[in-house]
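Close look at the chain arrangement
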Amino acid sequence: MYGVTENYLKAMNAAVHQWYVTGAVTLKDGTVIDLTEDDILQGSLLIQNQCAGDGSIDIGQVYMGEMDMTVIRQDIKKSEWLGAVIKLMFHRREFDGDFAEISPDITAADSFGTIHASHEKEGYEAWRAFESSGSTYWDAGAGSAALEWNFPCLTRIRHISLNNLPGTYYQGLEASDGGTLADSDGNMLMAVRTSGFDVSKTVSVYTDSVKTKLIGTADFRDSGYSFVGFTPEGGYIDTYALYFEFPDSYGDDVGLSGCDVYQEAWNDNFWADIPIGTWNVDNAESSEGGVALTCYDNMLAFEEEYDEDVKSITAFLDSSPYTFLKNMIGYVSSESGITTRFYNSSSATAALINGSSSILFKTVSDTKDWKTWRDVLSSAAAALGGFAAANRYGRIEIRNYRDDPVDAITADTFLHEGSTFSDSEKDVRRVNAALDDSTRLKVKNSNWGTGIKSYTLDLGTNPFIAVKSKEDATVIVTNISNGLQPVKFSAFSIERAADPVYDLGDRVSISGGGAKDTFSYHITKFSFDSHKYHMEGVTPIKLGSSSSGGTSSSKSSGSYLKTNGSNMSKAFTASPASFRVGGNICFPNVYDRTIDTDP
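Residues numbered from 1 in each chain as written. Predicted model: local features only at pLDDT ≥ 70, side-chain atom pairs only at ≥ 80, totals over all residues. Heavy atoms only, no water.

**Quick word on the confidence of the model for the protein**
Put simply, the rule reads: pLDDT: the predictor's confidence for each residue, scored from 0 to 100. Any two residues having at least one pair of non-hydrogen atoms within 4.5 Å are treated as being in contact.
Mean pLDDT over the protein stands at 77; residues scoring 70 or higher make up 73%. Here residues 103-109 is a poorly scored stretch, pLDDT under 50, and it has 15 contacts once near neighbours within four places are set aside; other chains count.

**Focus on the environment of Ala348**
To keep things clear, this is the line we draw: The secondary structure listing takes helices from DSSP runs of H or I that are at least 4 residues long and strands from runs of E that are at least 2 residues long, numbered from the N terminus.
Position of Ala348 among the secondary structure elements: in helix H4 (residues 346-350). Taking the C-alpha atoms as reference points, Ala348 and Tyr322, separated by 26 residues in sequence, lie 8.9 Å from one another.

**Considerations on the nonpolar core**
We apply this condition: Here, nonpolar core means buried Ala, Val, Leu, Ile, Met, Phe, Trp, Tyr and Cys residues that are tied together by side-chain atoms lying within 4.5 Å of each other. Here the term buried applies to any residue with accessible area under 20% of the maximum for its type, exposed to any over 50%, and partly exposed to those in between, with areas from a 1.4 Å probe on protein chains only.
Trp81, Ile86, Leu88 and Ile510 are the most contacted members of the largest nonpolar core, which totals 60 residues. For this core, the element with the most residues is strand E16 (residues 271-287), which contributes six residues. Those residues in contact with Trp81 that lie beyond four places of it in its chain are Val25, Leu27, Ile33, Leu35, Val71, Arg73, Ile76, Ile86, Val281, Ala284, Val291 and Leu293. Judged by nonpolar contacts, the second largest core, of 52 residues, contains Ile313, Ile338, Ala390 and Ile476.

**Comments concerning helix H3 (residues 321-336)**
Where we set the bar: Multiplying one less than the number of residues by 1.5 Å gives the expected span of a helix.
In this model, H3 (16 residues) spans 22 Å end to end at C-alpha, consistent with the 22 Å of a helix rising 1.5 Å per residue. Buried within H3 are the following residues: Pro321, Phe324, Leu325, Met328, Ile329, Tyr331, Val332 and Ser333. Residues of H3 that are buried in the fold lie against H4, helix H5 (373-383), strand E19 (396-399) and helix H6 (463-466). Gly337, located one to two residues past H3, shows a positive phi value of around 80°.

**Comments concerning the side chain of Asn391**
How we decide: Pairs of N or O atoms within 3.5 Å make up the polar contacts considered here, provided that, within protein, one atom can donate a hydrogen while the other can accept it, and that residues adjacent in sequence are counted only when both atoms are side-chain atoms.
Mapped onto the secondary structure, Asn391 falls in the loop between strand E18 (387-390) and E19. Reaching out from Asn391, the side chain makes a polar contact with the side chain of Glu397 at a distance of 3.3 Å. Ignoring any residue separated from it by four or fewer positions in sequence, one finds Asn391 in contact with Tyr343, Glu397 and Arg399.

**Considerations on the packing of H3 against H5**
What counts, and what does not: Here, axes are lines fitted to C-alpha atoms. For helices the fit covers the stretch in contact, and angles between N-to-C directions go from 0 to 180 degrees. Should an angle fall under 35 degrees it is taken as roughly parallel, and over 145 as roughly antiparallel, whereas 65 to 115 is taken as roughly perpendicular and any remaining angle as oblique. Definitions for this section: a left-handed crossing has its near helix turned counterclockwise from the far helix by less than a right angle. A right-handed crossing has that turn clockwise. Residue polarity follows a fixed list, in which Ala, Val, Leu, Ile, Met, Phe, Trp, Tyr, Cys and Pro are nonpolar, Asp, Glu, Lys and Arg are charged, and the others, Gly among them, are polar.
Two elements in contact, H3 and H5, have axes separated by 11 Å at closest approach and are oriented at 165°. Overall, the two elements H3 and H5 adopt an arrangement that is roughly antiparallel. For the pair H3 and H5, the sense of crossing is left-handed. Across from Phe324, Leu325, Met328, Tyr331 and Val332 in H3, the residues of H5 making contact are Trp373, Val376, Leu377 and Ala380. Here the residues of the contact of H3 with H5 are counted per class, giving nine nonpolar, no polar and no charged.

**Considerations on the pattern of salt bridges**
Quick note on the threshold: Any carboxyl oxygen of Asp or Glu within 4 Å of a side-chain nitrogen of Lys or Arg constitutes a salt bridge here.
Across all of its chains, the model carries 13 salt bridges by this definition. Linking Arg73 and Asp75 is a salt bridge whose minimum nitrogen-to-oxygen distance equals 2.8 Å. Judged by its relative accessible area of 17%, Arg73 falls in the buried class. Overall, the relative accessible area of 53% leaves Asp75 in the exposed class. Salt-bridge contacts for Arg440 lead to Asp458; the nearest nitrogen and oxygen are separated by 3.5 Å.

**Notes on the sheet that holds strand E20 (residues 407-410)**
Stated formally: When DSSP locates at least two bridges between a pair of strands, those strands are taken to pair.
The three strands are arranged E20-E27-E28 in an open sheet whose pairing can be described as mixed. In this open sheet, the two edge strands, each paired with only one partner strand, are E20 and strand E28 (521-522). Where E20 lies against strand E27 (residues 507-511), four bridges are found, and the strand directions are parallel. Bridged to Thr410 within E27 is Ser511.

**Comments concerning the packing of aromatic side chains**
The following threshold applies: The criterion for an aromatic pair is that two Phe, Tyr or Trp rings (for Trp, the six-membered ring) have centres within 6.5 Å, with stacked assigned to planes under 30 degrees apart, edge-to-face to planes over 60 apart and tilted to the rest. Any Lys NZ or Arg CZ that is within 6 Å of a ring centre and within 35 degrees of that ring's normal is treated as a charge sitting over the ring.
Within the structure shown, the criterion is met by 21 aromatic pairs. Here the aromatic rings of Tyr306 and Trp373 are separated by 4.9 Å at their centres, their planes lie at 75°, and the arrangement is edge-to-face. Here Trp373 lies in helix H5 and Tyr306 lies in the loop between strand E17 (290-296) and H3, a separation of 67 residues in the sequence. Owing to a relative accessible area of 9%, Tyr306 belongs among the buried residues under this scheme. With a centroid separation of 5.4 Å and an interplanar angle of 15°, the aromatic rings of Phe526 and Tyr533 are classed as stacked. Classification of Phe526 by relative accessible area gives buried; the value is 12%. Site record: aromatic cluster; members linked through ring pairs are Tyr306, Phe316, Phe324, Tyr331, Phe361, Trp370, Trp373 and Phe464. The residue whose ring lies beneath Arg92 is Tyr8, and the NZ or CZ to ring-centre distance is 5.6 Å. Arg429 extends its terminal NZ or CZ atom over the ring of Trp448, reaching a point 4.3 Å from the ring centre.

Written out as structure tokens, the structure is:
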């Protein structure tokens, strides 16, 4: 699941949703253009991907995501789209509910919003003007000066106070005879003196740069530390920025010692951005609405033919799974011309099943039957007890199925028509594998004999395992069997209002609407059409099936379940050629659901 804020989660569950999709396009000749929501034909966007077959969970799966959309751009020819790379971004308006009190620390570079100052001294950022120690100063220069403070969202200002810092200078200490005092080395002794002049005599605070919306004007005292305070008329004012005007600044070596603002951030107009994939344009066809694009994610790079005579896999074999995968994926990227790399960090790789093994990718069987580098990646993912995917950043990631939920979904947040939930839960009880010497390994875990519907996964003849001695192969397969033991699966299918926040392999907790809150639901397939996010999950493969190969048979990720109809009442109002959507999405408290079978 993509990391989002608590306010974002609230927005996902709100009655009214507003979002839109944009894109950044790099054409084959290197030209970069931006796609706004108005450049994408309404209703044409569809993203589909999966990490398991339509009927069962397996490991070692390598599917290619597909994205289709129609672009309304008269300035780009159809031929120019071919080979282009599109990075899509989903934008959601966050929760517009309660205010959140903020006590900003504006003496730090990562303070709430950004601060700019006129007449900045080189090497002294504007925020250093607010250091209360007075060790640095804002060089306002002669004449007028100004500070501009921009907030990341609509902010309610209740009170402002400014502290004026006196100017300082050094003066030699005088002896009784009128001379100067010096130390034993002859250096003059100096004392720090405070002037009676501050940064400015007058200050005015506005909410706009053109100075038409005045909060207030005040005068500092003429000497010593002094402060002024402002309370907006009516008790508060909502604004995106504050502008401080100092029309009569006193020049160098003076500054503000503090700027305290009692404020509350109001996220009503704050838009959160979520990347939703890097896509390679594979086909472009003219249509009535524009140019219809068919795109694939960066797994397309692994369609490259595996030719051992050109580059032997042994060139990448290593005692570190991370090093092997990083170098192998880097090679495929350079050969295919599709820019990608390994996403897992060294520590994240080590946390995978067999991810810290020093023998897993040290050797490889001579009897391997790989046709593309996608087959190589499939074998590697299976040996690590997981699956491979091109993630939302366009990088190749290996994931294990986990038993900890990433989010809790309640019945009032998904559409009940078309939703289905299995009445059983299944897990993995044994993992089988074949070795080069025809030995068959069958490794049970503690799920064996527990009485629930458990299944066996068959790794077939995995080239990274089959070549090992029986003892080493048993360790590898045992790790996979034990690693999958705690993970349970239950089949399901639901739809939510658009939100591509979940990732393949995520376990979500679902309660109500026919779901059993004690069951484990893993997302193994999704489709996103910019309005609805459809997710579904399947259960483990039945005993006796084989997972060798593990890749989809074509560029398409297969057929996708389509649910007709919904219980939405006036669900969406959208302007033409726009993904900006608003409206009332109604989730009834009372509903009828009679289907308890697997989807």
